Protein chains: 2
Amino acid sequence: MKKLINAPVDFVRESLEGMAVAHPDLIKVHHDPTFIYRTDAPKHGKVAIVSGGGSGHEPMHGGFVGIGMLDAACPGEVFTSPTPDQMLEAAKKVDGGAGILYIVKNYSGDIMNFEMATELARSEGIRVLNILIDDDVAVKDSLYTQGRRGVGTTVLAEKICGAATEQGYDLQRVASLCRRVNLNGRSMGIALTSCTVPAKGTPTFALGDREVEMGIGIHGEPGRERMSIKSADEIAQMLAMSIIEDISYSRTVREWDEDKGEWVDVELMNHAFEKGDKVLAFVNSMGGTPLSELYIIYRQLVEVCEKHSLQIVRNLIGPYMTSLDMQGCSITLLKLDDEMIQLWDAPVKTPSLRWGI
Amino acid sequence: MKKLINAPVDFVRESLEGMAVAHPDLIKVHHDPTFIYRTDAPKHGKVAIVSGGGSGHEPMHGGFVGIGMLDAACPGEVFTSPTPDQMLEAAKKVDGGAGILYIVKNYSGDIMNFEMATELARSEGIRVLNILIDDDVAVKDSLYTQGRRGVGTTVLAEKICGAATEQGYDLQRVASLCRRVNLNGRSMGIALTSCTVPAKGTPTFALGDREVEMGIGIHGEPGRERMSIKSADEIAQMLAMSIIEDISYSRTVREWDEDKGEWVDVELMNHAFEKGDKVLAFVNSMGGTPLSELYIIYRQLVEVCEKHSLQIVRNLIGPYMTSLDMQGCSITLLKLDDEMIQLWDAPVKTPSLRWGI
């Protein structure tokens, strides 16, 4: 393993310390328990959005804390869920009295801990709702996940919902918007190489010289198939078609019901993409793949979308949800409506996503 | 070689086509000869900045074309200088009547071709000046370079000078500013792995499992020494100290003299950093190194700068000048004055650098 790190055990803390000194105008880092929060928190009267998950996916989530996106992020150790006390303390720090939305990726540990944090925060008088992101079409269940994994749509939901909180949406409305973004978004990824977790020091999985993992998870979880590498155009087509051909489906998600004061099972329906849909196309680097290659993927994605009458009206291209140094990429398509477009375009100022301000 | 590409011979063209469809609001790509230019070019009465160089360093330069930075960029094949006809046609396309500044990295091919383009453009009645960037302290001469290589300061010069053109600086004043940025900037890089040029298909050089190249060039040119990998803190210290301890030195640079109408040799003096200097600290990924590791380097860089009484007042952290998929990083320190700070902070809107707009 060759990495720009000191002791592996210090990897997450030192990286966060670097972030903190790099962006003191935007974020602060709280240690023990660990969370990143807006320098100007709490914003009185504004709903606050808190997300989190294992480290190793930078810039997600910490790099999205700031104006118009997240109010706080809770990083766990590499590929390890953060703990309820992190989520609780983050909520207490950023609560402006209008409540907290936890955006939770669908991994068993994240769900369990965010649910516990929801109950703890509520017992302290803080309104909390949580919305699950489960957008990865690659596999039905996975190593750490029941149901679909939460991947690229998370970044888009954080941007869109963050903008909504700046515009005065109340908690129920932001939660409803976030649910809708999740139901409108689908993703699929591919790995050309494994990532190497610092504490382990060796690649998480082995791929041959000409081999790739189609449908990879962001922790290196197995995908759909291991196959010989193909051209960028074929790969873009396979990723895009997995998303476009994904049929409508429903599943049950646990959400907190404020009226009942308890967890309830909600049946949610994802609708397949339809001709004429306006979409945001997101081509994401897994960390080790350079921008030049992402544009080659995007070029073909545009052709596939045109062929299937999906109209790309916004895009995002770059390393936003990574798996350490893994080479590869993912594609996310998000069906947009006018409200989401307006919120996507709204100003954002975070360490890793910024425009209009 | 595993990359997200189609035929290696199509790598540059297809990546540019992807860029063009991704950012039609900001840039257009002209083929045959190849250059990227502002959608709204020419801007009448504004000095235009044109840069260029071999491909494989994305987002530099094409990702910096847009409002407040470059007016055009000329990409060569991977690690290969663009040709004078590209530079000439780019100049003709973006000339708004106030002249063109060519920003040229110090590589023999780039210099020769930009000088030829300068003469061609002048013969067609377009005022052109060119400024050399030679900021890499690693080695005195290198594989494709007489004198110091042009690296990270290029990105900073393009941002600062681009802002100056938006604020109405005339050609001589922009050129003078660019020269000053170059004289104030110094860089040093390290490679943990080699890059792989698509057309070759195998790594440019070989490094052992625990070996790194200190002082690497952005084309994989040898640096100062090959050594065992060290901790991130030690690496950050070595990179930073190479820059901070670099003494004042002078060398002769060829520039076009408008009064004389000929090339003249100008003696330029780089002054060493001094205690109390305000600096911009730029930690750059070579392409395959993720953001989390860059922040660990930045964290130590802050300590080194504090220890040597250099005051970091601005920073830039991310993959801005890459070497394809190479793992590693570089540090650039740029001494700032108030004028440069104001220009750095000015709005910019390009595919890969954006704020305030």
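Once a new chain begins, its residue numbering starts again from 1 and follows that chain's sequence as written. Each chain gets a letter, beginning with A, and each ligand a number, beginning with 1, in the order they are written. Local features in this predicted model are restricted to residues whose pLDDT is 70 or higher, and side-chain atom pairs enter the listing and the counts only when it is 80 or higher, whereas totals over whole chains, interfaces and linings include all residues. To obtain the side-chain values, all non-hydrogen atoms of the structure were included, while hydrogens and water were left out.

### Some points on the packing of helix α1 (residues 11-22) of chain A against helix α7 (residues 291-307) of chain B
In this analysis an axis means a line fitted to C-alpha atoms, helices contributing only their contacting stretch, and an angle means the value between N-to-C directions, from 0 to 180 degrees. Numbering of helices and strands runs from the N terminus, with a helix taken as a DSSP run of H or I at least four residues long and a strand as a DSSP run of E at least two residues long. The interhelical angle for the contact between α1 of chain A and α7 of chain B, taken along N-to-C directions, is 65°, at an axis separation of 7 Å. Pair α1 of chain A / α7 of chain B crosses with left-handed handedness. Here α1 of chain A contributes Phe-11, Arg-13, Glu-14, Ser-15, Glu-17, Gly-18, Met-19, Val-21 and Ala-22 of chain A to the contact with α7 of chain B, which in turn contributes Ser-292, Glu-293, Tyr-295, Ile-296, Tyr-298, Arg-299 and Val-302 of chain B. Charged residues are taken to be Asp, Glu, Lys and Arg, nonpolar residues to be Ala, Val, Leu, Ile, Met, Phe, Trp, Tyr, Cys and Pro, and polar residues to be all remaining types, Gly included. The residue inventory of the contact of α1 of chain A with α7 of chain B, partitioned by class, reads eight nonpolar, three polar and five charged. Throughout, a crossing is termed right-handed when the near helix is turned clockwise from the far one, and left-handed when it is turned anticlockwise from it by less than a right angle. Should any heavy atoms of two residues lie within 4.5 Å, those residues are counted as being in contact.

### Some points on the relation of the copies chain A and chain B
A least-squares fit on C-alpha atoms brings the copies together, and the residues used are those whose pLDDT is at least 70 in both copies. Overlaying chain A with chain B gives an RMSD of 0.0 Å, the required rotation being 180° about an axis along which the chain moves by 0.0 Å. Such a turn and shift between the copies fits a two-fold axis. For chain A, the smallest separation between a C-alpha atom and the rotation axis is recorded for Gly-288 of chain A, amounting to 2.0 Å. When the interface residues of chain A are mapped onto chain B, 100% of them again fall at the interface, so both copies present the same face.

### Observations regarding the domain arrangement of chain A
Residues and elements named next belong to chain A. All domain edges in this entry derive from an automatic or database-based domain assignment. On domain assignment, one finds that chain A holds domain 1 (11-184) and domain 2 (188-244 + 274-335). Put simply, the middle of domain 1 and the middle of domain 2, counted by C-alpha atoms, are 24 Å apart. If you look at the interface, domain 1 gives 29 residues, while domain 2 gives 28 residues. The term buried area means the drop in 1.4 Å probe accessible area that two parts suffer when joined, counted for both and summed. Counting each side, the surface lost to burial between domain 1 and domain 2 is near 2300 Å², with a carbon and sulfur contribution of 70%. Considering only the side of domain 1, the residues that lose the most area to domain 2 are Phe-79, Leu-156 and Asn-184, jointly responsible for 25% of the buried surface there. Secondary structure elements with two or more residues in the side of domain 1 that touches domain 2: α4 (153-166) and α5 (171-184). Residues belonging to the side of domain 1 that touches domain 2 are distributed by class as follows: 17 nonpolar, eight polar and four charged.

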